[in-house]
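# Summary of structural features
Residues per chain, in single letters:
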Amino acid sequence: MNRIVIADDSATARMFIRRCLEIIGLGEATLIEAENGREALSLLKEEDTDLLLTDLNMPVMDGATLLKWVKSSPRLHDIPVLVITSAGNPAKEQELTALGAFGVLNKPVSPSVLMDALQSLMS
Amino acid sequence: MSEKLEQDVCRAIATTLENMAFMEVSQEVEGAKRYPAEEMAVTRLLVHDPVQGELYLLMPKPLLAKIVSSVYIMPEEELSEQMLLDMLGELINTVAGLFLNAYLPEDQTYSLGLPEQVLVGQEDSPFELKRWDFQIDNHMFSLALAGDGFFIAEQS
C-alpha cells in the first residue's frame, strides 16, 4: 500500500492508528491525516489512495456520510474503507457494510486486530 | 441500580485505560489524591439514542499528563494542554462505546455526540446522575453517567 488516508477528529486516535500501521509494517506508506470527512474527501480526490481508515463521529462530515460519498463516486468507489469507531457493534457493522465498508473495528484498535482486517482485505 | 450497569461502567473504564495506556484502574479510592477544581479537566459526551443521557469523565491534569506521556512516549513537560484535552475526549469516546456495547442488546445501534470540554461543576446534570470514583497510581478520577433513561430502565 502506498497511500493511506486516516480520518479522525482526535489527534490521539490518529496517532494510535498511525502507530498500529507502523507496527504491522505499513510505516513506509504515505500516511495522510484528516480531521473530518470533508477534509478526507478532498485528500482522496487529490491523489490515488489505497486505503481509507475512518472514524464515525466527526464534526463537519461524519464517517458514514464520507463512506456514502466515496462509494457513490465513480473515481473513488474502489478505495477500501475500514471504519474504526468507539460506536461499533454487530448492528452498526451490518449497516456500514451495506453502505460499502469492508470492515468495522472497535476502539481502542490494536495492531493485531488491524493486521487481521487488512489481511482479510488482501485475500 | 443493577449490578450490570455498575459492572459495565467499571469494565469499560478499566479496559479503556488498560488497552490505551497500559494503566491499571482501581475502584479502591481511599487515600487516593483528590485534586482541586483548577487542576481538573472535564469532558462530556451526549448519548442521543436509544436513550438520552450524558457521560462525564473528570480527570486531574497531572494524571492526564501521565497517560499522554506514556501513550506518545514524550516527556510530560513537552505536552500541550490541547494534547491532554484531546486524550480526555478519546478516552470518553472509547469508554462510551465499550459501555454501551456491553449494556445495550447486541442488535441495538446507538448514537453519540462529540466530546466537549466543560467547566468543572457543570457535570451537575438536570438528569439523575450517578458518579463512580476510580484511581490510577493514587490519582483519583471519576466517571459520571446521567440520564433518566438508564436508571428508569434499571428500575423497571
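Residues numbered from 1 in each chain as written. Chains lettered and ligands numbered in written order. Predicted model: local features only at pLDDT ≥ 70, side-chain atom pairs only at ≥ 80, totals over all residues. Heavy atoms only, no water.

### What to know about the overall build of chain A
Each helix and strand in chain A was counted, giving 5 helices and 5 strands. For 123 residues, the compact-globule estimate of 2.2 N^0.38 gives 14 Å, and chain A sits close to it at 13 Å. The 123 residues of chain A split such that 54% are buried. A fraction of 63% describes how many contacts in chain A between residues 6 or more apart in sequence connect residues 24 or more apart. Accessible surface computed for chain A: about 5,500 Å², of which carbon and sulfur atoms make up 48%. Across chain A, 11 positive and 17 negative side-chain charges occur, with their mean positions spaced 4 Å apart. (Helix = DSSP H or I, 4+ residues; strand = E, 2+ residues; numbered from the N terminus. Rg over C-alpha atoms; globule rule 2.2 N^0.38 Å. Buried < 20%, exposed > 50% of the residue type's maximum accessible area, 1.4 Å probe, protein only. Contact = heavy atoms within 4.5 Å. Areas by Shrake-Rupley, 256 points an atom, 1.4 Å probe, with all protein chains shown as cover. Lys, Arg positive; Asp, Glu negative; His and termini not counted. Charge placed at Lys NZ, Arg CZ, Asp CG, Glu CD.)

### Brief notes about helix 1 (residues 3–21) of chain B
All names here are of chain B. Relative to the 27 Å expected for 19 residues at 1.5 Å per residue, helix 1 spans 27 Å between its end C-alpha atoms, a close match to the ideal helical length. When we look at burial in helix 1, the residues that qualify are L5, D8, V9, C10, A12, I13, T16, L17, M20 and A21. Trailing helix 1 by a residue or two, F22 shows a phi angle of about 55°, which is positive. (Expected span 1.5 Å × (residues − 1).)

### Details of the interface of chain A and chain B
Taken together, the 22 residues of chain A in the interface contact 22 residues of chain B. When chain A packs against chain B, close to 1,800 Å² is buried across both sides, 54% of that on carbon and sulfur atoms. When residues of chain A are sorted by the area they lose upon contact with chain B, T12(A), S86(A) and P108(A) head the list and together hold 27% of the total. The interface formed by chain A and chain B holds 1 salt bridge in total. Between E90(B) and K107(A) there is a salt bridge, and its shortest N-O distance comes to 3.0 Å. In this assembly, chain A and chain B are joined by 13 residue pairs in polar contact (both at pLDDT 80 or more). Elements that contribute at least two residues to the side of chain A that touches chain B include exactly helix 1 (11–23) and helix 4 (90–99) of chain A. Tallying contributions element by element places helix 1 of chain A first for the side of chain A that touches chain B, with 6 residues. (Buried area = accessible area lost by both parts, 1.4 Å probe. Salt bridge = Lys/Arg side-chain N within 4 Å of Asp/Glu carboxyl O. Polar contact = N/O pair within 3.5 Å; in protein donor to acceptor, adjacent residues only side chain to side chain.)

### A short note on the sheet that holds strand 2 (residues 30–34) of chain A
Two orientations exist for strands paired in a sheet by backbone hydrogen bonds: parallel and antiparallel. All names here are of chain A. The 5 strands lie next to each other as 2-1-3-4-5, forming an open sheet whose pairing is parallel. The two strands at the open ends of the sheet, each matched to only one other strand, are strand 2 and strand 5 (103–106). On average, each strand axis in the sheet is inclined to that of its neighbour by 20°, with strand direction left out of account. Where strand 3 (residues 51–54) lies against strand 4 (residues 81–85), 3 bridges are found, and the strand directions are parallel. Each bridged residue has a counterpart across the sheet, and for T54 the counterpart in strand 4 is V83. (Pairing = 2+ DSSP bridges. Axes fitted to C-alpha atoms, helices over the stretch in contact; angles between N-to-C directions.)

### Re the nonpolar core
Residues and elements named next belong to chain B. Of all hydrophobic cores here, the largest spans 51 residues; its most connected members are L57, M59, I67, L91, F99, F141 and F150. The leading source of residues in this core is helix 3 (residues 81–103), at 12 residues. What F99 contacts, discounting residues up to four positions off in sequence, is L5, D8, V9, A12, L145 and F150. (Core = buried A, V, L, I, M, F, W, Y, C linked by side-chain atoms within 4.5 Å.)

### Observations regarding the pattern of salt bridges
All names here are of chain B. Inspection of every chain in the model, using the stated rule, returns 12 salt bridges over all chains. The closest approach of N and O atoms between D8 and K4, which form a salt bridge, is 2.7 Å. Placement of both D8 and K4 in helix 1 is noted, with a separation of 4 residues, approximately one turn of the helix.

### Some points on the pairing of strand 5 of chain A
Residues and elements named next belong to chain A. Note: strand 4 against strand 5, 4 bridges, orientation parallel. Bridging from a neighbouring strand, T85 pairs with N106 of strand 5. In terms of handedness, the path from strand 4 via helix 4 over to strand 5 forms a crossover that is right-handed. (Right-handed = clockwise from strand over helix to strand, strands pointing away.)

### Topic: the environment of L85(B)
Residue and element names in this part refer to chain B. On the secondary structure map, L85 appears in helix 3. For the pair L85 and P115, spaced 30 residues apart in the sequence, the C-alpha separation amounts to 9.8 Å. When neighbours within four sequence positions are excluded, L85 is seen to be in contact with A41 and Q117.

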